[in-house]
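So the chains spell out like this:
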Amino acid sequence: MIRKLLLISAAVPLLFFAACKKDGQKKDKPVTLLMAEVNPEDSICGQMDLAFKQKVEELSGGNITIDLQCSGILGDESQVMKVFMSENPTIQLVRISASLAKYGGKKSKLISIPFTFSNAEHFWKFASSDIAQELLNEPEELNLGMRGLFYGEEGFRHFFSTEKIADIGDMEGKKTRVSGEVLTELAKSLRAEPIDLPFTDLYGSLQTGKCEVGEQPISNYLTNSFYNVAPYLILDGHMLGAVQVVISSQAWDALSENQQRILMEAGKYASDYCRKIVAESEEGIKQQLVAEGATITAVDDITPWQEACRDMIAEAAQEYPELYQKILDLAK
């Protein structure tokens, strides 16, 4: 995989770094930005990324090219982020979870706290708020080498398993795939056994029994064919699958003001497109999953799940309690 990254990095045009005029103003010179996506192109995020790519290229008249690589071709998240956060990143754009806690983000962790968003409308109200922009700006303010461009979402995340989970009690002792602190604490709160695995290893681990439970939005459950190895899905909706697209600070600073404006405008377009396709596709996805043999279990009362996570929610929000309350209040 590292060899693949090196080969791709060698192919990134040297013209990426836009020259500056003598008066300090950057020219709109042609630029190619390499973008990483771990999910397939036909996933929600893949479709959002493609909409972003097409709009950027349309608005720039082909002056900016987005080289979108889906399905983990550039590596899993940890491999991609290692390159992205390096001194001279050869990957300039990444679609990633909205929480940047693993990479130095602090405030952004708030939107990955379980049961924060009551519904999709609540999230999109947040995404268009000043609070959202504050969180997008945070990595640049913390000198993390990146800048948030826009938010998207994949729908609510649910657990799926190799054996049926009918209620919260069935989670106890289950080997559950996690990634990062929030999911680890969530699994512990539900008395499951957290197993830290890269996303790209999840399918094989469910197949071999290394883990018994995964969690994803149902769109990813479908497009990654997890129903073949873990055919039981429980609609607990423990968190919204909030995502964001980030650009490296080095890439951003090399762009002209006009090119930066184009990326922001295209990001707004892609974010709106994401909202539209999620709302339209969810019921159809459920029907397709049933046709593929998946068993879907509804959760009539989410209260026991919320109560089990009460302490971890309080702890996760303790650094920014007022900001977290503002996010919760957007549901009103």
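Worth saying up front: this structure is predicted, and the values here are computed from it rather than measured.

J.: Which residues make up the pairing of strand E2 (residues 64-69), and what values go with them?
T.: As paired strands, strand E1 (residues 31-36) and E2 are joined by 6 bridges and run parallel to one another. Residue pairing across strands places Val-31 opposite Ile-64, the latter belonging to E2. Following the backbone out of E1, through helix H2 (residues 44-59) and into the adjacent parallel E2, one traces a crossover that is right-handed.

J.: Mind laying out the layout of surface pockets, listing which residues take part and the relevant values?
T.: What the largest pocket holds in volume is close to 780 Å³. If you go around the largest pocket, you meet 42 residues; those closest to its centre are Glu-77, Ile-96, Ser-97, Lys-102 and Ser-179. Going through the elements one at a time, helix H3 (77-84), strand E3 (93-97), strand E4 (146-161), helix H6 (181-189) and strand E8 (232-248) are the ones with two or more residues in the lining of the largest pocket. The dominant element in the lining of the largest pocket, judged by the number of residues it contributes, is E8, at 5 residues. Across the lining of the largest pocket, the residue classes break down as 20 nonpolar, 12 polar and 10 charged. Counted as a void, the second largest pocket has a volume near 320 Å³. Every residue lining the second largest pocket is counted, 16 residues in all, and those nearest its centre are Ala-127, Ser-128, Phe-150, Lys-268 and Ser-271. For the lining of the second largest pocket, the secondary structure elements donating two or more residues are helix H4 (120-127), helix H5 (130-141), E4 and helix H10 (257-291). In terms of residues, the lining of the second largest pocket owes the most to one element, H10, which gives 6 residues. When its residues are assigned to classes, the lining of the second largest pocket shows 8 nonpolar, 5 polar and 3 charged.

J.: Summarise the pattern of salt bridges; cite the residues concerned and give the values.
T.: Side chains that differ in sign of charge can pair as their charged atoms come close. Counting across every chain of the model gives 14 salt bridges. A salt bridge links Glu-134 to Lys-107, with the shortest nitrogen-to-oxygen separation between them at 2.8 Å. With Glu-134 in helix H5 and Lys-107 in the loop between E3 and H4, the pair connects residues that are 27 residues apart, well separated along the chain. Put simply, Arg-310 and Glu-307 hold a salt bridge, and the shortest N to O gap is 3.3 Å. For Arg-310, a relative accessible area of 53% corresponds to the exposed category. Taking the relative accessible area as the measure of exposure, Glu-307 reaches 43% and is therefore partly exposed.

J.: Account for the state of the cysteines, naming residues and giving values.
T.: Per the counting criterion, the structure on display carries 0 disulfides. The cysteine Cys-45 is free of any disulfide, with Cys-274 supplying the nearest cysteine sulfur at 6.5 Å. Cys-45 sits in the buried class, given a relative accessible area of 1%. Free of any disulfide, Cys-70 has its nearest cysteine sulfur in Cys-45, 9.7 Å distant. The class of Cys-70 is buried, set by a relative accessible area of 8%.

J.: Residues and numbers for the environment of Ile-277, please.
T.: Relative to the helices and strands, Ile-277 resides in helix H10. In this structure Ile-277 comes out as buried when scored by relative accessible area, which is 9%. Separated by 42 residues in sequence, Ile-277 and Leu-235 place their C-alpha atoms 20 Å apart. With sequence-adjacent residues up to four places away left out, Ile-277 is seen in contact with Ile-44 and Gln-47.

J.: Could you give me a rundown of the nonpolar core, with the residues and numbers involved?
T.: Formed by 68 residues in total, the largest nonpolar core has its most connected members in Phe-52, Phe-126 and Leu-263. Apart from residues lying up to four places away in sequence, Phe-126 is in contact with Ile-111, Phe-117, Ile-131, Ala-132, Leu-135, Tyr-151, Ile-327 and Leu-330. Counting residues in hydrophobic clusters, the runner-up holds 19 residues, among them Phe-160, Ile-218, Leu-222 and Ile-285.

J.: Which residues make up H2, and what are the values?
T.: The end-to-end C-alpha distance of H2 is 23 Å, a good match for the 22 Å that 16 residues give at a rise of 1.5 Å each. Those residues of H2 lying buried are Ile-44, Cys-45, Gly-46, Met-48, Asp-49, Ala-51, Phe-52, Lys-53, Lys-55 and Val-56. Once H2 finishes, Gly-61 follows within two positions and takes phi at roughly 65 degrees, a positive value.

J.: Outline the side chain of Lys-53, supporting the account with residue identities and numerical values.
T.: Mapped onto the secondary structure, Lys-53 falls in helix H2. Here the side chain of Lys-53 touches Glu-57 through a polar contact of 2.9 Å, side chain to side chain. In this view, Lys-53 contacts Ile-66 and Leu-68; residues no more than four positions away in its chain are not counted.

J.: Which residues make up the packing of H2 against H10, and what values go with them?
T.: Working note: a packed helix pair is described by the angle between its axes plus the distance between those axes. It is the contact of H2 with H10, at a shortest axis distance of 8 Å, that shows an interaxial angle of 145 degrees. The hand of the H2/H10 crossing is right-handed. For the pair H2 and H10, contact is made by Ile-44, Gln-47, Met-48, Ala-51, Phe-52, Lys-55, Val-56 and Leu-59 and by Ile-262, Leu-263, Glu-265, Ala-266, Gly-267, Tyr-269, Ala-270, Tyr-273, Cys-274, Ile-277, Val-278 and Ser-281, respectively. In terms of residue class, the contact of H2 with H10 is made up of 15 nonpolar, 3 polar and 2 charged.

J.: Give a description of helix H12 (residues 310-317) that names residues and reports values.
T.: Regarding H12, the residues found buried are Met-312, Ile-313, Ala-316 and Ala-317. All buried residues of H12 project into a common sector of 125 degrees when viewed along the axis, lining one side. H12 presents Arg-310, Asp-311 and Glu-315 as exposed residues on the side facing more than 90 degrees away from its buried surface. Turning to H12, the residues buried within the fold contact H6 and helix H13 (321-329).

The rules behind each value
Residues numbered from 1 in each chain as written. Predicted model: local features only at pLDDT ≥ 70, side-chain atom pairs only at ≥ 80, totals over all residues. Heavy atoms only, no water. Pairing = 2+ DSSP bridges. Helix = DSSP H or I, 4+ residues; strand = E, 2+ residues; numbered from the N terminus. Right-handed = clockwise from strand over helix to strand, strands pointing away. 1 Å grid on protein atoms, 1.4 Å probe; cavity = no way out; pocket = protein on both sides within 12 Å on 5 of 7 lines; lining within 4 Å. Points joined across faces, edges and corners; volume = space filled by probe spheres on them. Nonpolar A, V, L, I, M, F, W, Y, C, P; charged D, E, K, R; others polar. Salt bridge = Lys/Arg side-chain N within 4 Å of Asp/Glu carboxyl O. Buried < 20%, exposed > 50% of the residue type's maximum accessible area, 1.4 Å probe, protein only. Disulfide = S-S within 2.5 Å. Contact = heavy atoms within 4.5 Å. Core = buried A, V, L, I, M, F, W, Y, C linked by side-chain atoms within 4.5 Å. Expected span 1.5 Å × (residues − 1). Polar contact = N/O pair within 3.5 Å; in protein donor to acceptor, adjacent residues only side chain to side chain. Axes fitted to C-alpha atoms, helices over the stretch in contact; angles between N-to-C directions. Left-handed = near helix turned anticlockwise from the far one by under 90°. Arc of directions from axis to C-beta.

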